[in-house]
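Secondary and tertiary structure notes
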Amino acid sequence: MSNINQKKLQDYRHLTKDGDITVHLTQDQQAMILKTYDYGLNSLSDIDEMLLSAVIRRLKAAINSEDEPNGKH
């Protein structure tokens, strides 16, 4: 996506709710978060990226449950 059309953070605020959310992550998903934090996004293998994408999908579903069928995450 080009920077010209890139949305800003405030463009997404209406999709969020005020307050905490809870997300349950597998042990591998937790480990991927730690690895990504320690080594950065550029160090991830293709498999690492797939696992990180699964974490992001889970977070997105918890944040914006309207995207999930029947509101389930």
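All figures in this text were calculated on a predicted structure; none of them were measured in a lab.

1. Re a nonpolar patch on the surface
Together, Ile21, Leu59 and Ile63 make up a nonpolar patch on the protein surface, roughly 200 Å² of accessible area in all. Judged by relative accessible area, Ile21 falls into the partly exposed class, the value being 36%.

2. Side note on the pattern of salt bridges
Side-chain pairs of opposite charge can arise whenever the charged atoms involved come near each other. Tallied over the full model, the rule gives one salt bridge. For Lys35, the salt bridge is made with Asp48, and the minimal N-O distance between the two is 2.6 Å. With Lys35 in helix H1 (residues 27-39) and Asp48 in helix H2 (residues 46-63), this pair connects stretches of sequence that are 13 residues apart.

3. Thoughts on the packing of H1 against H2
Running from amino to carboxyl end, H1 crosses H2 at an angle of 110 degrees, the nearest separation of the two axes being 9 Å. One way to sum up the angle between H1 and H2 is to call them roughly perpendicular. For the pair H1 and H2, contact is made by Asp28, Gln29, Met32, Ile33, Lys35 and Thr36 and by Asp48, Leu51, Leu52, Ala54, Val55 and Arg58, respectively. Looking at the contact of H1 with H2, its residues break down into six nonpolar, two polar and four charged.

4. Focus on the packing of aromatic side chains
A full pass over the atoms with the stated rule returns zero aromatic pairs. Seen from the ring of Tyr12, Lys7 lies directly overhead, with NZ or CZ sitting 5.8 Å from the centre.

5. Considering the side chain of Thr36
For Thr36, the position within the fold is in helix H1. Polar contacts involving the side chain of Thr36 include one to the main-chain carbonyl oxygen of Met32, which spans 2.8 Å. Residues within four places of Thr36 in sequence aside, it is in contact with Leu41, Leu44 and Leu52.

6. Brief notes about the confidence of the model for the protein
Residue-level pLDDT values for the protein average 87, and 86% of them are 70 or greater. Here residues 69-73 scores under 50 on pLDDT; set against residues more than four positions off or in separate chains, the count is five contacts.

7. Thoughts on H1
Across its 13 residues, H1 extends 18 Å between first and last C-alpha, which sits within 8% of the 18 Å expected from 1.5 Å per residue. Among the structural elements, H2 are those in contact with the buried residues of H1. Gly40 lies just past H1 and shows a positive phi near 90 degrees.

Thresholds, definitions, all that
Residues numbered from 1 in each chain as written. Predicted model: local features only at pLDDT ≥ 70, side-chain atom pairs only at ≥ 80, totals over all residues. Heavy atoms only, no water. Patch = residues over 30% accessible without salt bridge, like charges linked within 9 Å, V, L, I, M, F, W, Y side chains within 5 Å. Areas by Shrake-Rupley, 256 points an atom, 1.4 Å probe, with all protein chains shown as cover. Salt bridge = Lys/Arg side-chain N within 4 Å of Asp/Glu carboxyl O. Buried < 20%, exposed > 50% of the residue type's maximum accessible area, 1.4 Å probe, protein only. Helix = DSSP H or I, 4+ residues; strand = E, 2+ residues; numbered from the N terminus. Axes fitted to C-alpha atoms, helices over the stretch in contact; angles between N-to-C directions. Parallel < 35°, antiparallel > 145°, perpendicular 65-115°, else oblique. Contact = heavy atoms within 4.5 Å. Nonpolar A, V, L, I, M, F, W, Y, C, P; charged D, E, K, R; others polar. Phe/Tyr/Trp six-rings, centres within 6.5 Å; stacked < 30°, edge-to-face > 60°. Lys NZ or Arg CZ within 6 Å of the ring centre and 35° of its normal. Polar contact = N/O pair within 3.5 Å; in protein donor to acceptor, adjacent residues only side chain to side chain. pLDDT = per-residue confidence, 0-100. Expected span 1.5 Å × (residues − 1).

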